[in-house]
Amino acid sequence: MPRYDTVVLNGTVIMPYVDPVRCDIGVRDGRVVALADALAPGDAADVVDARGRLVLPGAVDSHFHIGIYRDLATDATSETASALAGGVTTVLSYFRTGQHYLNKSGPYRTIFPEVVAATEGHAYTDFGYHLGIMTSEQLDEVDWLVGEQGVGSFKYYMFYKGLNLTSDSTRGSAYTMSDAYDLGHLYLLMRQVASASAVHGARGRVSLSLHCEQAELIRVFIDEVKRSGPGGLEGYHRARPPLTERLSIAEALVLADETRCPVNLLHLSSGEALRAAAQGRREFPHLDIRLETTLHHLALTHATAHGILGKVNPPIRTEADRDALWDAVVRGSIDTVVSDHACCAEADKGEDLWKALPGFGGTALLYPYLVSEGHGKRGLGLTRVAELASANPARAFGLYPKKGTIAVGSDADLVVLDPDRERVVTPDVLHSAQDFTPFAGMRVRGWPTHTILRGRVVFQDGRVQGRPAGEYVKRPVSRP
Ligand SMILES: [Zn+2]
């Protein structure tokens, strides 16, 4: 009987929070059981040679949208395959009731088990869910969701408030299928999440994620841009300008202060949003505020994102915003970098900017882009790359240290990455069902050769291996 199921030999191992180290990794029963100067290949059933390569902890892509525009099970399969190509071994996906996803509303007591059942057996990565609490009825399910269902994080969309008024001026929107979705609902939701955090937080962080754009301002600026331009993605940026992020962040943080709710400010896209978040952290130093940005806000501008194909909320912005975001990533004020992956078809973008579906995929670029641009061009240490894409999201969402690190006892989620492998981005390179990419033409250096999930090689040299074996991970996981 070999002592190890798998060994990863000769690599430079990148662990979060410490310097890179040359060591071998021994895996048994899906976990890391040995880190040593040298392990014998004969002691293992499987040997992965990582000579000349980096070994990183599997990335935790903590902002994902499985099934937002397509059948959930089908999307889970194709889009977690894309995740493996980028070194992602755990996906935390947003789900909400209302339009898109399952196109219905109701209590999570009946809907959430359906969501997990539709994903299980179809995902190549391990997975968890953040849930949008959309109705008054769902507010009372928060404690049950955390305590019994392993949902340690929730979401509120600041800009859906503008959808509350319908044409017949009854309350409730066809889009959200909510009764009242406004700051009053947010306040009640924060109270529920703060109270669940007090009960369950000793096992790991419980939090509320916020999509910060301000609805009434968006209405005004959309009217202006529709009247007098400009067109294209620059118009989209001006229709939802950084001011809407700033005001929305300020509103949300006042309520977070009142309720003491731990929050995540999602997909910050602009220098102005960063300044609002920094001001919030100064004003409310007792609050737990985590900051996130996305690959596309780091990589693209409204001039380079291929027009309507790059439509996403919040919009892709200017070169100055992109530089401000990179600066915050390098300085350490941004905690996590994510893909906000939402697979859609080029046909869903169509010709009309205002009708095009927002969002697109990018998970396959998570490690490659951070290594290529961050480490290769902007002086970001490899340790920091592992923190931004793996350890920090794992800690923020109650997965650490099961996920997010390479340590004895942790899940053996590992990525062997060739720092010299260069690819020009095309849809094919991303292994997604999406037939276009706003990242097309980008030259990226540093790609995974092996992605290993709980000790099993699940992606090797450009191909997914085996059947989808991702498991649902209940959060928060117990701290040791
Ligand atoms: Zn999103």
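Because the structure is predicted, anything quoted here is derived from the model rather than measured.

The rules behind each value
- Residues numbered from 1 in each chain as written.
- Predicted model: local features only at pLDDT ≥ 70, side-chain atom pairs only at ≥ 80, totals over all residues.
- Heavy atoms only, no water.
- Helix = DSSP H or I, 4+ residues; strand = E, 2+ residues; numbered from the N terminus.
- Polar contact = N/O pair within 3.5 Å; in protein donor to acceptor, adjacent residues only side chain to side chain.
- 1 Å grid on protein atoms, 1.4 Å probe; cavity = no way out; pocket = protein on both sides within 12 Å on 5 of 7 lines; lining within 4 Å.
- Points joined across faces, edges and corners; volume = space filled by probe spheres on them.
- Nonpolar A, V, L, I, M, F, W, Y, C, P; charged D, E, K, R; others polar.
- Pairing = 2+ DSSP bridges.
- Axes fitted to C-alpha atoms, helices over the stretch in contact; angles between N-to-C directions.
- Contact = heavy atoms within 4.5 Å.
- Donors = N, O, S within 2.8 Å, 3.2 Å for Na, K, Ca; no water.
- Buried < 20%, exposed > 50% of the residue type's maximum accessible area, 1.4 Å probe, protein only.
- Core = buried A, V, L, I, M, F, W, Y, C linked by side-chain atoms within 4.5 Å.
- Phe/Tyr/Trp six-rings, centres within 6.5 Å; stacked < 30°, edge-to-face > 60°.
- Lys NZ or Arg CZ within 6 Å of the ring centre and 35° of its normal.

1. Re unusual backbone geometry
Link 1 in the chain: Of the consecutive residues Gly229 and Pro230, the connecting peptide bond is found in the cis state with omega at 0°.
Link 2 in the chain: Among the secondary structure elements, Pro230 is positioned in the loop between α6 (215-228) and α7 (232-239).
Link 3 in the chain: A cis amide bond links Arg475 to the next residue, Pro476, at an omega of -10°.
Link 4 in the chain: Among the secondary structure elements, Pro476 is positioned in the segment after β19 (463-464).

2. What to know about the side chain of Ser173
Link 1 in the chain: When you line up the elements, Ser173 lands in the loop between β11 (153-157) and α5 (183-200).
Link 2 in the chain: Separated by 2.8 Å, the side chain of Ser173 and the backbone nitrogen of Tyr175 make a polar contact.
Link 3 in the chain: There is a polar contact of 3.3 Å between the side chain of Ser173 and the backbone nitrogen of Thr176.

3. Brief notes about the layout of surface pockets
Link 1 in the chain: Roughly 1100 Å³ of internal volume is contained in the largest pocket.
Link 2 in the chain: Lining the largest pocket are 39 residues, and of these Phe159, Tyr160, Leu163, Arg240 and Asn313 lie nearest its centre.
Link 3 in the chain: For the lining of the largest pocket, the secondary-structure elements that each account for two or more residues are β11 and α6.
Link 4 in the chain: Sort the elements by how many residues they give to the lining of the largest pocket and α6 lands first, with six residues.

4. Observations regarding empty space enclosed by the protein
Link 1 in the chain: Counted according to the given criterion, the structure contains two cavities of 30 Å³ or more.
Link 2 in the chain: Counted as a void, the largest cavity has a volume near 50 Å³.
Link 3 in the chain: Ser82, His341, Gly361, Gly362, Thr363, Ala364, Leu430, Ser432, Gln434 and Phe436 together form the lining of the largest cavity.
Link 4 in the chain: Of the residues belonging to the lining of the largest cavity, the class tally is three nonpolar, seven polar and no charged.
Link 5 in the chain: A volume near 30 Å³ is recorded for the second largest cavity.
Link 6 in the chain: In terms of lining, the second largest cavity is formed by Asn264, Arg290, Leu291, Glu292, Asp335, Thr336, Ala396 and Phe397.
Link 7 in the chain: A total of three residues in the lining of the second largest cavity trace back to one element, the largest contributor, which is strand β14 (residues 289-294).
Link 8 in the chain: For the lining of the second largest cavity, the residue count by class is three nonpolar, two polar and three charged.

5. Regarding the sheet that holds strand β8 (residues 59-64)
Link 1 in the chain: In space, the eight strands of this open sheet follow the order β8-β9-β10-β11-β12-β13-β14-β15, with parallel pairing throughout. Both outer strands of the open sheet, β8 and β15 (336-338), are each paired with one neighbouring strand and no more. For this sheet, the mean angle separating the axes of adjacent strands, direction not counted, is 30°.
Link 2 in the chain: Inspection of the sheet shows β11 paired to strand β12 (residues 207-211) by five bridges, in the parallel sense. Looking at β12, one finds that Tyr157 is bridged to His211.
Link 3 in the chain: Along the sheet, helix α1 (residues 72-85) makes contact with β8, β9 (88-96) and β10 (126-132), crossing β9 at roughly 145°.
Link 4 in the chain: Contacts from helix α2 (residues 108-119) reach β9 and β10, with the element oriented near 150° to β10.

6. Some words on the coordination of the zinc ion
Link 1 in the chain: The zinc ion binds to the protein through His63 (NE2), His65 (NE2) and Asp340 (OD), with metal-donor distances spanning 2.0 to 2.1 Å.
Link 2 in the chain: If you list the donors of the zinc ion from N- to C-terminus, the spacing comes out as H-x1-H-x274-D. One end of the pair, His65, is in the loop between β8 and α1; the other, Asp340, is in the loop between β15 and α12 (346-349), and 275 residues separate them in sequence.
Link 3 in the chain: For His65, a relative accessible area of 8% puts it in the buried group.
Link 4 in the chain: Note on Asp340: relative accessible area 6%, which makes it buried.

7. Points about the nonpolar core
Link 1 in the chain: Membership of the largest hydrophobic core comes to 132 residues, with the highest contact counts inside it found for Phe112, Phe154 and Leu210.
Link 2 in the chain: The biggest single contributor to this core is helix α14 (residues 382-396), with seven residues.
Link 3 in the chain: Contact partners of Leu210, with chain neighbours within four places excluded, come to Tyr156, Met158, Leu186, Met190, Ala252, Val263, Asn264, Leu265 and Leu266.
Link 4 in the chain: Listed in part, the 15 residues of the second largest apolar core include Val32, Ile406, Val416 and Ile452.

8. Overview of the packing of aromatic side chains
Link 1 in the chain: If you walk through the whole model with that rule in mind, you get 14 aromatic pairs.
Link 2 in the chain: Joined through ring pairs, the aromatic side chains of Tyr156, Tyr157, Phe159, Tyr160, Tyr175 and Tyr181 make up one cluster.
Link 3 in the chain: Stacked on the ring of Trp144, the Lys or Arg Arg109 has its end atom at 4.3 Å from the ring centre.

9. A short note on the environment of Ala174
Link 1 in the chain: Along the chain, Ala174 falls in the loop between β11 and α5.
Link 2 in the chain: C-alpha of Ala174 to C-alpha of Leu139: the two residues are 35 residues apart in sequence and 19 Å apart in space.

10. Brief notes about the environment of Asp182
Link 1 in the chain: Relative to the assigned elements, Asp182 resides in the loop between β11 and α5.
Link 2 in the chain: Judged by its relative accessible area of 24%, Asp182 falls in the partly exposed class.
Link 3 in the chain: A sequence separation of 97 residues divides Asp182 from Ala85, and the C-alpha atoms of the two residues are 39 Å apart.

11. Points about the environment of Ala433
Link 1 in the chain: As for its position among the elements, Ala433 is in the loop between α15 (427-430) and β17 (443-453).
Link 2 in the chain: Classification of Ala433 by relative accessible area gives partly exposed; the value is 38%.
Link 3 in the chain: For the pair Ala433 and Gly361, spaced 72 residues apart in the sequence, the C-alpha separation amounts to 9.2 Å.
Link 4 in the chain: Once residues within four sequence positions are removed from consideration, Ala433 is found in contact with Arg70, Ser78, Glu79 and Cys343.

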